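An overview of the molecular structure
Residue strings, one per chain:
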Amino acid sequence: MNSPEIAELPQARADSPLPAPEPTGNEAVDAALERLRELPELSTDQHPELYDDVHQRLQAALADLGR
């Protein structure tokens, strides 16, 4: 039996900048995703707060779609 090839993924580096998120066309979603660019400047113990904020913003954007 042949084993499937394992894809080589690029390794994250602390000194490499995060790419800008691709615009979605929804201002609320784009603003939420843009917040993720703050991650390298924050200590890891501050990451959950940022992730929670992004999650809440995305939930609000989804809720607004139905209005």
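Structural data are supplied above this passage.
Presented here is an overview of the structure given in this document. Keep in mind that this is a model prediction, so the values were computed, not measured. (Residues numbered from 1 in each chain as written. Predicted model: local features only at pLDDT ≥ 70, side-chain atom pairs only at ≥ 80, totals over all residues. Heavy atoms only, no water.)

Description of the packing of helix α1 (residues 27–35) against helix α2 (residues 47–65)
Our working definition: Throughout, an axis means a line fitted to C-alpha atoms (over the contacting stretch in the case of helices), and angles, computed between N-to-C directions, take values from 0 to 180 degrees. Strands here are runs of E lasting at least two residues and helices are runs of H or I lasting at least four, both read from the DSSP assignment and numbered beginning at the N terminus. For classification purposes, an angle smaller than 35 degrees is called roughly parallel, one larger than 145 roughly antiparallel, one from 65 to 115 roughly perpendicular, and anything else oblique. Whether two residues touch is decided by their heavy atoms; if any such pair falls within 4.5 Å, the residues are in contact. Side-chain classes follow a simple rule in which Ala, Val, Leu, Ile, Met, Phe, Trp, Tyr, Cys and Pro form the nonpolar group, Asp, Glu, Lys and Arg form the charged group, and the remainder, Gly included, forms the polar group.
Orientation of α1 relative to α2, taken along the N-to-C sense of each, is 170°, at an axis distance of 9 Å. Between α1 and α2, the angle falls in the class roughly antiparallel. Between α1 and α2, the residues in contact are Ala28, Val29, Ala31, Ala32 and Arg35 and Leu50, Asp53, Val54, Arg57, Leu58 and Ala61, respectively. In terms of residue class, the contact of α1 with α2 is made up of eight nonpolar, no polar and three charged.

Some remarks on the pattern of salt bridges
We count it as follows: Throughout this description, the term salt bridge denotes a Lys or Arg side-chain nitrogen within 4 Å of a carboxyl oxygen of Asp or Glu.
All chains considered together, the criterion is met by four salt bridges. Two residues, Asp53 and Arg35, come together in a salt bridge whose shortest N-O distance is 2.3 Å. Of this pair, Asp53 sits in helix α2 while Arg35 is found in helix α1, placing the two residues 18 residues apart along the sequence. Arg57 is the salt-bridge partner of Asp53, the closest N and O atoms lying 2.8 Å from each other. Of this pair, Asp53 and Arg57 both sit in helix α2, separated by four residues, roughly a single helical turn. Within the structure, one salt-bridge network assembled from shared partners comprises Arg35, Glu38, Asp53 and Arg57.

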